[in-house]
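Analysis of the macromolecular model
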Amino acid sequence: MSKNNEKIIVLDFGGQYKELIARAVRGLSVYSEIRSGSIDLEEIKRLAPIGIILTGGPKSVYREDSPKCDPDIFSLGIPILGICYGMQLLCHMLGGEVLPAVQGEYGAVTAQLKGSALFENIPQSPVLMSHKDFVNTLPQGFVNTASTENCKNAACENIAAKLYGVQFHPETSLSLHGRTVLKNFLYNVCGAAGDYKLDDYLEKQIASVRQTVQGQRILLALSGGVDSSVCAALLAEAVPKQLTCIFVDHGFMRLNEGDKIEAIFSKHAVNFIRVNAAERFLAKIKGVTEPEKKRKIIGEEFIRVFEEEAKKLGDIPFLAQGTIYPDIVESGGEHGAVIKSHHNVGGLPKNLSFTQIVEPLAGLFKDEVRELGKKLRLNRQLINRQPFPGPGLALRIMGEITKDKLSILRKADDIFQEAFIKCRRKPSQYFAVLTDTRSVGVKGDDRTYDYVIALRAVDTDDFMTCEYRALSHKILGRVSSRITAEIPSVSRVVYDVTSKPPATIEWE
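This report concerns the structure included in the present document. Here, residues in each chain are numbered from 1, in the same order as that chain's written sequence. Local features in this predicted model are restricted to residues whose pLDDT is 70 or higher, and side-chain atom pairs enter the listing and the counts only when it is 80 or higher, whereas totals over whole chains, interfaces and linings include all residues. The basis for the side-chain values is all heavy atoms of the structure; hydrogens and waters are excluded.

**Considering the environment of Gln-417**
Note on conventions: DSSP H or I runs of at least 4 residues are helices, E runs of at least 2 residues are strands, and numbering of each starts at the N terminus. Considering the arrangement of structural elements, one finds Gln-417 in helix 13 (residues 403–418). A relative accessible area of 18% means that Gln-417 is categorised as buried. For Gln-417 and Ala-457, which are 40 residues apart along the polypeptide, the C-alpha to C-alpha distance reads 10 Å. Only heavy atoms matter for contacts: two residues are in contact if any of them lie within 4.5 Å across the pair. Here Gln-417 is in contact with Gln-386, Tyr-430 and Phe-431, once residues within four sequence places are set aside. Note on exposure labels: buried denotes an accessible area under 20% of the residue type's maximum, exposed denotes more than 50%, and partly exposed covers the range between, all computed with a 1.4 Å probe on protein chains only.

**Side note on the sheet that holds strand 5 (residues 97–113)**
Think of it this way: DSSP has to see at least two bridges between two strands before they count as a pair. Taken together, nine strands build an open sheet; the order of strands is 2-1-3-4-9-8-7-5-6 and the sheet is mixed. Only two strands of the sheet have a single partner each, and these edge strands are strand 2 (31–36) and strand 6 (125–137). On average, each strand axis in the sheet is tilted by 30 degrees relative to the strand beside it, whichever way the strands run. Sheet topology places strand 1 (residues 7–12) next to strand 2; six bridges connect them, and they run parallel. Bridging from a neighbouring strand, Lys-7 pairs with Tyr-31 of strand 2. Axis lines are fitted through C-alpha atoms, for helices just across the contact stretch, and the angle between N-to-C directions can take any value from 0 to 180 degrees. Strands strand 1, strand 2, strand 3 (51–54) and strand 4 (80–83) of the sheet are contacted by helix 1 (residues 18–27), whose axis makes an angle of about 160 degrees with strand 2.

**Some words on the packing of aromatic side chains**
Two rings from Phe, Tyr or Trp (for Trp, the six-membered ring) form a pair when their centres are within 6.5 Å of each other. A pair whose planes differ by under 30 degrees is stacked, one over 60 is edge-to-face, and the rest are tilted. On inspection of all chains with the given rule, the structure shows nine aromatic pairs. With a centroid separation of 6.3 Å and 90 degrees between ring planes, the pair formed by Phe-416 and Tyr-430 is classed as edge-to-face. In this pair, Phe-416 sits in helix 13 while Tyr-430 sits in strand 15 (residues 429–443), placing the two residues 14 residues apart along the sequence. Note on accessibility: Phe-416 and Tyr-430 belong to one class, buried. Ring geometry for Phe-420 versus Tyr-430: centroids 4.3 Å apart, planes at 45 degrees, classification tilted.

**What to know about the sheet that holds strand 14 (residues 356–358)**
Ordered in space as 12-11-10-13-14, the five strands form an open sheet in which the pairing is parallel. Only two strands of the sheet have a single neighbouring strand rather than two, namely strand 12 (271–276) and strand 14. Averaged over all pairs of adjacent strands, the angle between strand axes in this sheet comes to 30 degrees, irrespective of strand direction. Judged from the three bridges that link them, strand 10 (residues 218–221) and strand 13 (residues 318–320) form a sheet pairing that is parallel. Within the sheet, the bridge partner assigned to Leu-220 lies in strand 13 and is Ala-320. The sheet strands contacting helix 7 (residues 257–265) are strand 11 (243–249) and strand 12, and the helix crosses strand 12 at an angle near 165 degrees.

**Topic: the side chain of Thr-435**
Within the fold, Thr-435 resides in strand 15. Under the rule applied, a polar contact is a pair of N or O atoms within 3.5 Å (in protein, one hydrogen donor and one hydrogen acceptor; residues adjacent in sequence only if both atoms are side-chain atoms). A distance of 3.2 Å separates the side chain of Thr-435 from the backbone nitrogen of Thr-437, its partner in a polar contact. At 2.7 Å, the side chain of Thr-435 forms a polar contact with the backbone oxygen of Val-452. Excluding anything up to four places from it in sequence, Thr-435 contacts Met-398, Tyr-451, Val-452, Ala-454 and Trp-507.

In structure tokens form, the structure reads like this:
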């Protein structure tokens, strides 16, 4: 990033959508950085942002232990937008009253928008609400600019002080015109010129990797997924002769996937090593049923394998990973709750033998990663792959993991994948889950009592929220018939129609 780029600071109070805010801002051609909500006032002055955004958060602003910011930021003259908890904090610290709601708001609701620079060219439309508290009384100098059926102060502003607040989440796709709200704040209120492009991020990360690694070697944990593949391309651009890519086949891959990954990367001009460790991982996870424990065991075993391979290759002090923003936010932050620990974040052991972990994609979302892959001229087959969790099918088998269960799920998932081969508009992510439930069935006039397979297909722009894809009964019926006919140990197939939130995309 050029030192001359305009900057928006996103102050984090523990909201799980904070990275979405930063992503949305960057998508509107304005550079953004996430900082702690407790950032020092002098540091804000040094950063010289053109605007500040206060994130949501899980706490209640009127509690003593709730995260706060320096109250003097409201008198800096820098435009500020408070979102959800951020709006409540803004109002609370300036003398307004925030109270527990008799009835919270969760999900998309219609907001009645009034005249405001934030709502220019925006009709009455659905917005995503997710709050248990509300602003009952506005601070002096503020006026109401929006309301919903259950929230009288859904937005407010003090134009003279350049302070704005919205109770809803404009950063999510469930707020229909939320992107325009943020755009209006950036350009109508902050006066942004829009001088940031993804190329800036790429240049900055390449320079950062070179400065960090210097002349030493770096080992990349390559899964073959979009994130690690783009990470490999970026590292190859930055330090090509110092990079070794190790693909650990933990035995939890989809059907024939390990062979496909090896075939693709063996053709690239990188040092590629495949480690077959299926038996090792299966033994480690034997008898484990709790999802978080699965993730942590797999995460640690990943690291141990990499450490062993690094020793074989000589002194390699740096470990690279394709960690991206959603991994970090769901694994918890300074104020955030842990949604689920990702194997490359919450699953990392404390006693690493590597000197440093390098994560050049940690500031990006999935769509940005794909765009970066295109800029790096990465194989489109890899760029367009749907997301696949690092622990693989271990997170799509409920209960204990066994070879038999893995075989069942691979076959079921492959059948579901085939259903979309000719689909022009594929879901963002689609997969099968082997539940830990058995169901009575009838096959060949005999009673059966076999597994239930769940199918999931979702559409999303950011992977922080999603809507389930309303698949036709024709497709679902065909897939169900094939699964129950071709896999003897499955007696029933169900379809998951839950969005995120309240569910996550993966089942574990």
